[in-house]
Amino acid sequence: MNEIKQGDTVRIHYTGTLLDGKTFDSSEGRDPLEFVVGSGQIIAGLDAAMSGMTVGDTKKVEVPCVEAYGPINPAMRQAIPREGIPDDIPLELGTQLQMQTPEGQALPVTVVEVDEATVTLDANHPLAGQDLIFDIEVVSIN
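Below you will find a few notes about this structure. Counting of residues starts from 1 at the beginning of each chain's written sequence and follows it residue by residue. Residue-level local features of this predicted model are given only where pLDDT is at least 70; pairs of side-chain atoms are given and counted only at 80 or more, and the full residue set underlies all totals for whole chains, interfaces and linings. Excluding hydrogens and water, the side-chain figures rest on all heavy atoms present in the structure.

Considerations on the pattern of salt bridges
And step 1. Within this document, salt bridges are pairs made up of a side-chain nitrogen of Lys or Arg and a carboxyl oxygen of Asp or Glu, the two lying within 4 Å of each other. On inspection of all chains with the given rule, the structure shows three salt bridges.
And step 2. Here lysine 5 makes a salt bridge to aspartate 8, at a shortest N to O gap of 3.1 Å.
And step 3. In this scheme, a residue with accessible area under 20% of its type's maximum is buried, one over 50% is exposed, and one in between is partly exposed, where area comes from a 1.4 Å probe on protein chains only. The buried category is assigned to aspartate 8, whose relative accessible area is 8%.

Laid out in structure tokens, this is it:
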């Protein structure tokens, strides 16, 4: 049997959960996730766990936040004046919005705080600061 090594294209089924058991993502009911091992296409902690696995293998992988989406970066939170936001933009806590960087790139943000004068937006990945658990099954290796 072929063992997974750097540069292999693999397909896996996976279920990702938080430490409290809540599922945040899964390939269930979808095509398997396909990626090249070692290419940076998936989070580092999951990528590193693939080496040596073979087709049909299953594994539970615990990925600390530093090997997933990183710790929460306080610099990625910004309070902006409320009057700078158009009236038709919803500002409920948890609302996902999209801003544009000065270079024209789309930047997803989440409303995390609202008061009379300001709205605080968070551009951290929603899973930043979270340790993650993945149950994976290798479907194919090419």
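Some words on the side chain of aspartate 122
And step 1. Only DSSP runs of H or I covering at least 4 residues are called helices, and only runs of E covering at least 2 are called strands; the numbering of each starts at the N terminus. Locating aspartate 122 in the fold gives a position in strand β8 (residues 118–122).
And step 2. The charge count includes Lys and Arg as positive and Asp and Glu as negative, but it does not include His or the ends of the chains. The side chain of aspartate 122 is buried and forms no salt bridge, while arginine 77, the nearest opposite charge, is found at 4.0 Å.
And step 3. Between N or O atoms, a polar contact is any pair within 3.5 Å; within protein, one atom must be a potential hydrogen donor and the other a potential acceptor, and residues adjacent in sequence are included only when both atoms are from side chains. A distance of 2.8 Å separates a polar atom in the side chain of aspartate 122 from the backbone nitrogen of asparagine 124.
And step 4. By the convention used here, residues are in contact when the closest approach between their heavy atoms is within 4.5 Å. Filtering out sequence-adjacent residues up to four positions away, aspartate 122 remains in contact with Met76, Arg77, Pro108, Val109, Thr110 and Val112.

Here we look at the packing of aromatic side chains
And step 1. Think of it this way: a Phe, Tyr or Trp ring, Trp meaning its six-membered ring, pairs with another when their centres are within 6.5 Å, and the plane angle makes it stacked under 30 degrees, edge-to-face over 60, tilted otherwise. Here the structure, examined in full by the defined rule, presents one aromatic pair.
And step 2. Judged by centre distance (5.7 Å) and plane angle (90°), the ring pair of phenylalanine 24 and phenylalanine 134 falls under edge-to-face. Taken together, the residues phenylalanine 24 in strand β2 (residues 23–26) and phenylalanine 134 in strand β9 (residues 132–141) connect sequence positions 110 residues apart.
And step 3. According to the relative accessible area criterion, phenylalanine 134 is buried, its value standing at 6%.

Keep in mind that these numbers describe shape and distance, not what the molecule does.
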